[in-house]
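So you can see what is in the structure, the chains are spelled out below.
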Amino acid sequence: MKELVAKINTEIETFKAESDSLIEKGVKAAGARARKSTLEIEKLLKEFRKVSIEESKK
């Protein structure tokens, strides 16, 4: 689970950096990368939910 949380945190940092580039610098390509990152975050959070439910049943 620690590895999964680390991946989530890394992806959130990526999203922050890309969205900041889009908002502050107007880098349009950063917007696409930020959107891609949100999809990855969604996938990782679903996996976290699944794992955490399994852990709580033990």
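Residues numbered from 1 in each chain as written. Predicted model: local features only at pLDDT ≥ 70, side-chain atom pairs only at ≥ 80, totals over all residues. Heavy atoms only, no water.

Under an unreviewed UniProt entry, the name given to the chain is Histone H1, and the source organism is Flavobacterium tructae. Reading the Function (unreviewed entry) entry of the UniProt record for the chain gives the comment "Might have a role analogous to that of eukaryotic histone proteins." (UniProt positions renumbered as here; feature names shortened; annotations may be inferred.)

Run through the pattern of salt bridges, naming residues and quoting values.
For the structure on display, the rule yields five salt bridges. In this structure, K46 engages E42 in a salt bridge whose closest nitrogen and oxygen atoms are separated by 3.8 Å. Here E42 and K46 lie together in helix α2 (residues 28-56), a separation of four residues that amounts to about one turn. Its relative accessible area of 56% is what places K46 among the exposed residues. (Salt bridge = Lys/Arg side-chain N within 4 Å of Asp/Glu carboxyl O. Helix = DSSP H or I, 4+ residues; strand = E, 2+ residues; numbered from the N terminus. Buried < 20%, exposed > 50% of the residue type's maximum accessible area, 1.4 Å probe, protein only.)

How would you summarise the environment of S37 if you had to cite specific residues and measurements?
Among the structural elements, S37 can be located in helix α2. Owing to a relative accessible area of 1%, S37 belongs among the buried residues under this scheme. Residues S37 and E11, spaced 26 residues apart in sequence, show a C-alpha to C-alpha distance of 6.4 Å. If sequence neighbours within four positions are ignored, S37 has contacts with E11, T14 and F15. (Contact = heavy atoms within 4.5 Å.)

An account of α2 is needed here, citing residue identities and associated values.
Since one α-helical turn is 3.6 residues long, residues separated by three or four positions face the same way. If you check α2, its first and last C-alpha atoms are 42 Å apart, about what 29 residues at 1.5 Å a residue would give, namely 42 Å. Every buried residue belonging to α2 is among A30, G31, A34, S37, I41, L44 and V51, and all of these are buried. Its buried side turned inward, α2 meets α1 (2-25). (Expected span 1.5 Å × (residues − 1).)

Go over α1 with me, naming the residues and quoting the values.
Over its 24 residues, α1 runs 34 Å from end to end, which matches the ideal 34 Å to within 8%, given 1.5 Å per residue. Taken together, the buried positions of α1 are L4, I8, E11, E18, S19 and S21. Considering only its buried residues, α1 is in contact with α2. G26 sits one or two residues past α1 and shows a positive phi near 75°.

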